[in-house]
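Residue-level listing of the chains:
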Amino acid sequence: EGEVEKPLEIDFDELTKPKSQKIAATLECAGKNRNFLEPKVKGVQWGLGAVGNAEWTGVPLSILLNRAGTKPNAREIILEGADRGKLEDPKAPRDEINFARSIPIEKANDVVLAYKMNDVDLPPEHGFPVRAIVPGWFAVASIKWLTRIIVTDRPFNGYYQTLDYAFWKRDGGYAHLTALSELEIKAEIARPMSGETVPANSKVRIHGAAWTGSGQIAKVEVSVDGGSSWRSARLLGESKPSAWRLWE
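All of the points below concern the structure found in this document. Treat the numbers as computed from the prediction; the structure is a model and nothing was measured.

On to the packing of aromatic side chains, then. Considering all chains together, one arrives at 5 aromatic pairs under this definition. Here the aromatic rings of tyrosine 160 and tyrosine 165 are separated by 6.5 Å at their centres, their planes lie at 45 degrees, and the arrangement is tilted. For tyrosine 165, a relative accessible area of 26% puts it in the partly exposed group. Aromatic rings pair up to connect Phe99, Tyr159, Tyr160 and Tyr165 into one cluster.

In structure tokens form, the structure reads like this:
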């Protein structure tokens, strides 16, 4: 937006080997648990799934921005994917639009442009050939099939930034749409599975994962009587920034 300049041409292969890094990050769909909401809202009625954790190998976004030479008044980074289409929402543009989201310029230092997932080439369903991984944020910010990166000096007001994947937030007497960003603190039971029948008088290992956008998981408690009493779970493995923590 604003001043238009010639796009910077960068040999991505040149950057990958010497500059790549690996990070662990949990990606959670912004619509996770939507089917529990009352009243119901639009969108895929996700249940207890739609979350995962992986190791991502890629080039830090900051390297590309430094190579491009961002200006002092840079405010946001717009990440645009190859997926595009025409929306039926009457509030959406009439023609086709690409899926795009923006992040503050300060968040760019955390972002990795990933080309591998768990040490193998990024699968098509996870964004091959390149996906922007925005650790600590809802997965909607981690744009798949990345095709364009735009630096802008003004707030991005694209459809998926303001009318979708946003919520009403009150500030004093006014309400304004706020884009979803940082993950909330949450825990989930992996086993026993939802709806699974546990034999009476049996010993059962209850285990799962807990995650948050920033900070770290310090404690997980489990209730087997509908919340009347709670017992501390044991945390497994080591704590890693932006990655979930397993527990049992």
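Ranked by size, the top nonpolar core spans 29 residues in total, and within it Leu61, Ile103 and Leu113 carry the most contacts. Mapped by element, the contributors of at least two residues to this core are helix H2 (61-68), strand S3 (76-85), strand S4 (97-104), strand S5 (112-117), helix H3 (159-162) and strand S12 (207-211). Among the elements that make up this core, the one with the highest residue count is H2 (4 residues). Filtering out sequence-adjacent residues up to four positions away, isoleucine 103 remains in contact with Leu61, Arg75, Glu76, Ile77, Ala108, Val111, Val134 and Trp137. Core analysis: the second largest hydrophobic core is formed by 11 residues, Leu27, Ala54, Trp56 and Met117 among them.

Here we come to the sheet that holds strand S8 (residues 146-152). Strand order in the open sheet formed by 3 strands is S4-S3-S8, with antiparallel pairing between adjacent strands. Lying at the two open borders of the sheet, with one neighbouring strand each, are S4 and S8. Direction aside, the axes of adjacent strands within the sheet are offset by 25 degrees on average. Strands S3, S4 and S8 of the sheet are contacted by H2, whose axis makes an angle of about 55 degrees with S8.

The next subject is the pattern of salt bridges. According to the stated counting rule, one finds 14 salt bridges in the structure shown. Notably, a salt bridge pairs aspartate 89 with lysine 42, separated by 3.8 Å at the nearest N-O pair. Note that aspartate 89 is positioned in the loop between S3 and S4 and lysine 42 in the loop between strand S1 (21-28) and strand S2 (51-60), a separation of 47 residues in sequence. Exposure remark for lysine 42: the relative accessible area of 55% places this residue in the exposed category. Here arginine 205 and glutamate 248 are joined by a salt bridge, their closest N and O atoms 2.7 Å apart. Placement of the pair is arginine 205 in the loop between strand S11 (186-191) and S12 and glutamate 248 in the segment after strand S15 (245-247), with a sequence separation of 43 residues. With relative accessibility at 46%, the residue arginine 205 sits in the partly exposed group. Glutamate 248 gets classed as partly exposed once you look at its relative accessible area, which sits at 24%. Connected through salt bridges with shared partners, the residues Arg205, Arg234 and Glu248 form a single ionic network.

Take the side chain of asparagine 98 next. Turning to its location among the elements, asparagine 98 is positioned in strand S4. From its side chain, asparagine 98 meets the backbone oxygen of glycine 81 in a polar contact 2.9 Å long. With near-sequence residues (within four places) excluded, asparagine 98 lies in contact with Glu80, Gly81, Ala82, Asp83, Arg84 and Tyr160.

What counts, and at which threshold
- Residues numbered from 1 in each chain as written.
- Predicted model: local features only at pLDDT ≥ 70, side-chain atom pairs only at ≥ 80, totals over all residues.
- Heavy atoms only, no water.
- Phe/Tyr/Trp six-rings, centres within 6.5 Å; stacked < 30°, edge-to-face > 60°.
- Buried < 20%, exposed > 50% of the residue type's maximum accessible area, 1.4 Å probe, protein only.
- Core = buried A, V, L, I, M, F, W, Y, C linked by side-chain atoms within 4.5 Å.
- Helix = DSSP H or I, 4+ residues; strand = E, 2+ residues; numbered from the N terminus.
- Contact = heavy atoms within 4.5 Å.
- Pairing = 2+ DSSP bridges.
- Axes fitted to C-alpha atoms, helices over the stretch in contact; angles between N-to-C directions.
- Salt bridge = Lys/Arg side-chain N within 4 Å of Asp/Glu carboxyl O.
- Polar contact = N/O pair within 3.5 Å; in protein donor to acceptor, adjacent residues only side chain to side chain.

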